[in-house]
Amino acid sequence: MALQDVCGVGRDSSEGTLFLSRGGAAGATPSYAGLGGGRNPLNFYVPAAGFLGRGPVRFGQISPPPSGTGEAAFLPTAPGTTSDVAPLPFPLSHGTTTLGFRFQGGVIAAADTRSSCSGQVACPASQKILPIHSHLVGTTSGTSADCALWKRILSRELRLYQLRHGRMLSTGGAAKLLSHMLHPFKGTELCVAATLCGWDRGDPTASGPRLVYVCSDGTRLSGKLFSVGSGSPYAYSVLDGDVRWDLTVDEAVALAREAVYRATHRDAYSGNNVDLYHVTAQGWRAGRVVVTKQHINHHDMELWALPGGSGVKFHSSEKIELYWVELGLFLSI
Amino acid sequence: MALCDVSGFRCGSELRGQLFGTGPSLLSDRANHFTFGTKCQEFAVPAGVDPSAFLKSCNEDDGVSIEMNHGTTTLAFKFQHGVIVAVDSRASAGNYISTKEFNKVIEINPYLLGTMSGSAADCQYWERLLAKECRLYRLRNNQRISVSAASKLLSNMMLGYRGMGLSIGSMICGWDKKGPGLYYVDENGTRLSGRMFSTGSGNGYAYGVVDSGYREDMTMEQAYELGCRGIAHATHRDSYSGGVVNLYHMREDGWIKVCKEDVSELLHRYKKGMF
C-alpha cells in the first residue's frame, strides 16, 4: 500500500544508526535516516543524500556561483545573460530582515519582502514567512530556494508524524527535526536560517507561544526575541527597547512593523513591504503592509508614543495600508 | 599657504638655513608630513617599506587575514539645539578588553570635538595632529577654523596614507559661523556631511533606535536620552562595545560634557522593555 510505504510501517530499515547511506546502492531511491530502528518516530527523508559523497561535482560542495548565496529562488534568465554573471563585490550574508518575538498574545513574526540577487531586486513581493501548519510559521533567511524546499519538507514530515502518532509535534520538536534534517549538509553551501514561531497545544507543561531559531550550520536556539538577516542590527535595537511580555496585540504589531521599517530604511537588501504574522492558540493570521514613504523630509513626521515606553517614538507619516487577511486555520486537525 | 607666500613668511628651518648657511639637517626641519601648511607635500614613510603591498598580502583568503574592523559604537546627530555626540568606552584587542573606560571623544578645542573608532592608536595620533593644526590655524588666521575645514584637513591626511592600513572612522562635530556642523571622515578619505552618523561595529543597532526616536524639534533632555539609548542598545547586542556612555552636547557657545553613564545602569533602567 502506498500509505504503508509512506509511513514506513513494516519497513525493514537496514540502517539502525543516525548515519545516512551515502552513494552506494540506493541510487534513485530515497534514503531514510533512522534512529535506532525502522519504527523510530524520527524517520525522515533527506533529499539528494545519495549525492553528498559523490563526485566529480559533489552536491552542494562546489564553490558558490557568482550570483552567490542568499539570493533569489531562481536565477533570472534575462535574455543576453550567460552563466558568467558579474562577481560579487563582497560576500553577502542573508540579505533580508526577519524577526520574531513572543508575548502574552502569542508570537509575532515579521519580515520584509525583498528578494535580491547580485545587487538586483529579483522580486519585490516575495514571501519570507511561510506557514508550516496551522499553529506554526517559519521565517526564512538565507538562500530562498533552500528555505522554501526545506520548509515544505518540514511540513510534510510534521504531517507524517501527526499521522503516525496522532499528535502534533511541538515547536521545539519541529525545530529539532529541522536541525537534524539539515545536519548532513553542514559544510556545504546550503544556507537556511529559520525562526520557527508557533503555539504549542496539548501538553499542559509546555504550551503557549514558542520561538526557536534554527540555522543550517547547526545552531538551534530557543528564545524570546530573534532577528535574522543583514537588516537585523537595525531591528534589534528597536525591539530591545520595547518588547515586553505584556504588550497588547496592536502594540506588538506596530512594534514589529516599525522594527522592519527601520531595517528597510538603512539596509539595502531589505525593503518593499512588511509581512506580519500573528500566531495564537487559534491559529495564525497574516497581513502585508505596504510602506510607501510620502516624504523623505523627516521634519514633518508625526509620531505617536508607545504607551509605557520612554524615548522611542514611532513615525507615522508614511501612508500605510494595512489589510488583515484572516486566513485562520491552515489545516484542521 | 597662499598667505605665507604673500606675506613673505618663511618657516624657521629655511631661515636658519639661510642664516647659518646649512641645509635642514634635523628631521623636524626637513619637509615631512608634519608640515601641512607648506608647499612641499611629501609624506614620510619609513624607507624600504611598502605598506600597501604588505597589507594586500594580509587580506588574502588563504593565509593570514587582518581584519580592520571598527570595534566600537559612536553616534552623533544634529538637532535644533546643536549636536549630540555619544560614544561607548570599550577598547578591545582581539577578544581581550584592554580598557573599560576609554574616552573616544577628543576635545580638539572648546568648539570642536572628534570621535574615534577603529584603531585606537591611529585615531589618537591623527586627531591630536588635527588638533595641533586647528590651533595653528587659529594662531595664524586669528579666527576659529570651521568644521568643514577641520574635517577636510583630517580627510586629506587620510588620503595621503590611503591603502597603507590606517583604520579611522571619525566624526568631526562643531559649531562655527554656519551653525552646527557634523562630518564623518574615514580612513579611505571619505568625508560626508550629514544630520546623523553612527560608526563602528555597533552602528547598526544605534541607527535603528536613533532613527526611530529622532525628531528635529526634540528638547535637550529627549536628545540626551536618545543618544544614551542608542549607545546602550548597541552595547547590549555588540560584543565590541560596552563600558560607559560619554555624552557631549555641542552648543553655540561650545561643548559641554553632559554625562558619563554606565551602560549596565542604563540597561537596567530600560529593563522594563528588555528581557
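Since we're looking at a predicted model, the values are computed, not measured. (Residues numbered from 1 in each chain as written. Chains lettered and ligands numbered in written order. Predicted model: local features only at pLDDT ≥ 70, side-chain atom pairs only at ≥ 80, totals over all residues. Heavy atoms only, no water.)

Visitor: Before we move on, could you go through the overall build of chain B and cite the residues and values that matter?
Guide: Helix and strand content of chain B: eight helices and 12 strands. Out of the 275 residues belonging to chain B, those deemed buried represent 48%. Taking all contacts inside chain B whose residues are at least 6 apart in sequence as the whole, residues at least 24 apart take part in 62%. A total accessible area of about 13,600 Å² is found for chain B, and carbon and sulfur atoms account for 52% of it. (Helix = DSSP H or I, 4+ residues; strand = E, 2+ residues; numbered from the N terminus. Buried < 20%, exposed > 50% of the residue type's maximum accessible area, 1.4 Å probe, protein only. Contact = heavy atoms within 4.5 Å. Areas by Shrake-Rupley, 256 points an atom, 1.4 Å probe, with all protein chains shown as cover.)

Visitor: Kindly report on the UniProt feature "active site" (unreviewed entry) in chain A, identifying the contributing residues and their values.
Guide: All names here are of chain A. Mapped onto this structure's residue numbering, the UniProt feature "active site" (unreviewed entry) falls at Thr96. Looking at the element boundaries, Thr96 is found in the loop between β2 (44-45) and β3 (98-103). For Thr96, a relative accessible area of 3% corresponds to the buried category. There is a polar contact of 2.8 Å between the side chain of Thr96 and the side chain of Asp112. (UniProt positions renumbered as here; feature names shortened; annotations may be inferred. Polar contact = N/O pair within 3.5 Å; in protein donor to acceptor, adjacent residues only side chain to side chain.)

Visitor: Can you break down the packing of helix α4 (residues 232-242) of chain A against helix α7 (residues 220-237) of chain B residue by residue, with the values?
Guide: α7 of chain B packs onto α4 of chain A with a crossing angle of 105° between their chain directions and a minimal axis gap of 10 Å. Our classification of the angle between α4 of chain A and α7 of chain B gives roughly perpendicular. On α7 of chain B, the residues touching Tyr236, Ser237, Asp240 and Gly241 of chain A of α4 of chain A are Arg229, His233, His236 and Arg237 of chain B. Across the contact of α4 of chain A with α7 of chain B, the residue classes break down as one nonpolar, four polar and three charged. (Axes fitted to C-alpha atoms, helices over the stretch in contact; angles between N-to-C directions. Parallel < 35°, antiparallel > 145°, perpendicular 65-115°, else oblique. Nonpolar A, V, L, I, M, F, W, Y, C, P; charged D, E, K, R; others polar.)

Visitor: Pulling in residues and values, what's your account of the nonpolar core?
Guide: The nonpolar side chains of soluble globular proteins are, as a tendency, buried together. Residues and elements named next belong to chain B. Ranked by internal contacts, the top residues of the largest apolar core, which has 41 residues, are Phe77 and Val85. With six residues, α7 is the single largest residue contributor to this core. In this structure Val85 touches Leu75, Ala76, Val105, Leu113, Thr115, Cys173, Asn246, Leu247 and Tyr248, once residues within four positions along its chain are discounted. Judged by nonpolar contacts, the second largest core, of 25 residues, contains Phe102, Ile108, Ala131 and Tyr161. (Core = buried A, V, L, I, M, F, W, Y, C linked by side-chain atoms within 4.5 Å.)

Visitor: Which residues make up the environment of Lys257 of chain B, and what are the values?
Guide: Residue and element names in this part refer to chain B. Relative to the helices and strands, Lys257 resides in strand β12 (residues 254-262). On the basis of relative accessible area, Lys257 is assigned to the partly exposed category, the value being 36%. Linking Lys257 and Val85, residues 172 residues apart in sequence, is a C-alpha distance of 9.4 Å. Once residues within four sequence positions are removed from consideration, Lys257 is found in contact with Asn103, Asn246, Leu247 and Tyr248. Among the polar contacts listed, one links the side chain of Lys257 to the side chain of Asn246, at a separation of 3.1 Å.

Visitor: Let's hear about the confidence of the model for chain B: which residues, and what values?
Guide: Residues and elements named next belong to chain B. For chain B, mean pLDDT is 83; residues scoring 70 or higher make up 79% of the total. Taken element by element, chain B is modelled with least confidence in helix α2 (residues 12-20), mean pLDDT 56, and with most confidence in strand β9 (residues 191-193), mean pLDDT 96. In this model, residues 22-32 is a region of pLDDT below 50 whose contacts with residues beyond four sequence positions or in other chains number 12 contacts. Confidence over residues 37-42 falls short of pLDDT 50; this stretch has eight contacts with residues more than four positions distant or in other chains. Predicted complex, confidence summary: ipTM 0.72, pTM 0.70. (pLDDT = per-residue confidence, 0-100.)

Visitor: So, the sheet that holds strand β11 (residues 220-222) of chain A: which residues are in play, and what are the values?
Guide: Residues and elements named next belong to chain A. On the basis of which strands lie adjacent, the open sheet formed by five strands has the order β7-β8-β9-β10-β11 and antiparallel pairing. Among the strands making up the open sheet, the edge pair consists of β7 (129-133) and β11. Each strand of the sheet is rotated relative to its neighbour by a mean of 20°, with strand direction disregarded. Judged from the four bridges that link them, strand β8 (residues 136-139) and strand β9 (residues 193-200) form a sheet pairing that is antiparallel. Among the inter-strand pairings, Val137 is bridged to a residue of β9, identified as Cys197. Contacting β7, β8 and β9, helix α2 (residues 144-165) runs over the sheet at an angle of about 15° to β7. The strands touched by helix α3 (residues 171-182) are β8, β9, β10 (208-215) and β11; relative to β10, the strand with the most contacts, the crossing angle is about 10°. (Pairing = 2+ DSSP bridges.)

Visitor: Account for α4 of chain A, with residues named and values stated.
Guide: Since the α-helix advances by 3.6 residues per turn, residues separated by three or four positions end up pointing in the same direction. A large share of α4 of chain A lies buried, amounting to 11 of its 11 residues. Listed as buried for α4 of chain A are Ser232, Pro233, Tyr234, Ala235, Tyr236, Ser237, Val238, Leu239, Asp240, Gly241 and Asp242 of chain A.

Visitor: Now, about the side chain of Asn246 of chain B: what can you tell me, with residues and values included?
Guide: Structurally, Asn246 of chain B is set in strand β11 (residues 244-251). Non-local contacts of Asn246 of chain B, meaning those with residues more than four positions away in its chain, are made with Val85, Ala86, Val87, Asp88, Ser89, Phe102, Asn103, Lys257, Cys259 and Lys260 of chain B.

Visitor: Give a detailed account of the packing of aromatic side chains, specifying residues and quantitative values.
Guide: A full pass over the atoms with the stated rule returns 12 aromatic pairs over all chains. An angle of 70° between the planes, with centres 5.5 Å apart, marks the rings of Trp150 of chain A and Phe185 of chain A as edge-to-face. Highlighted residues: Trp150 of chain A in helix α2 and Phe185 of chain A in the loop between α3 and β9, separated in sequence by 35 residues. Given a relative accessible area of 3%, Trp150 of chain A falls into the buried group. Above the face of the Tyr270 of chain B ring, Arg229 of chain B is positioned so that its terminal group lies 4.2 Å from the ring centre. (Phe/Tyr/Trp six-rings, centres within 6.5 Å; stacked < 30°, edge-to-face > 60°. Lys NZ or Arg CZ within 6 Å of the ring centre and 35° of its normal.)

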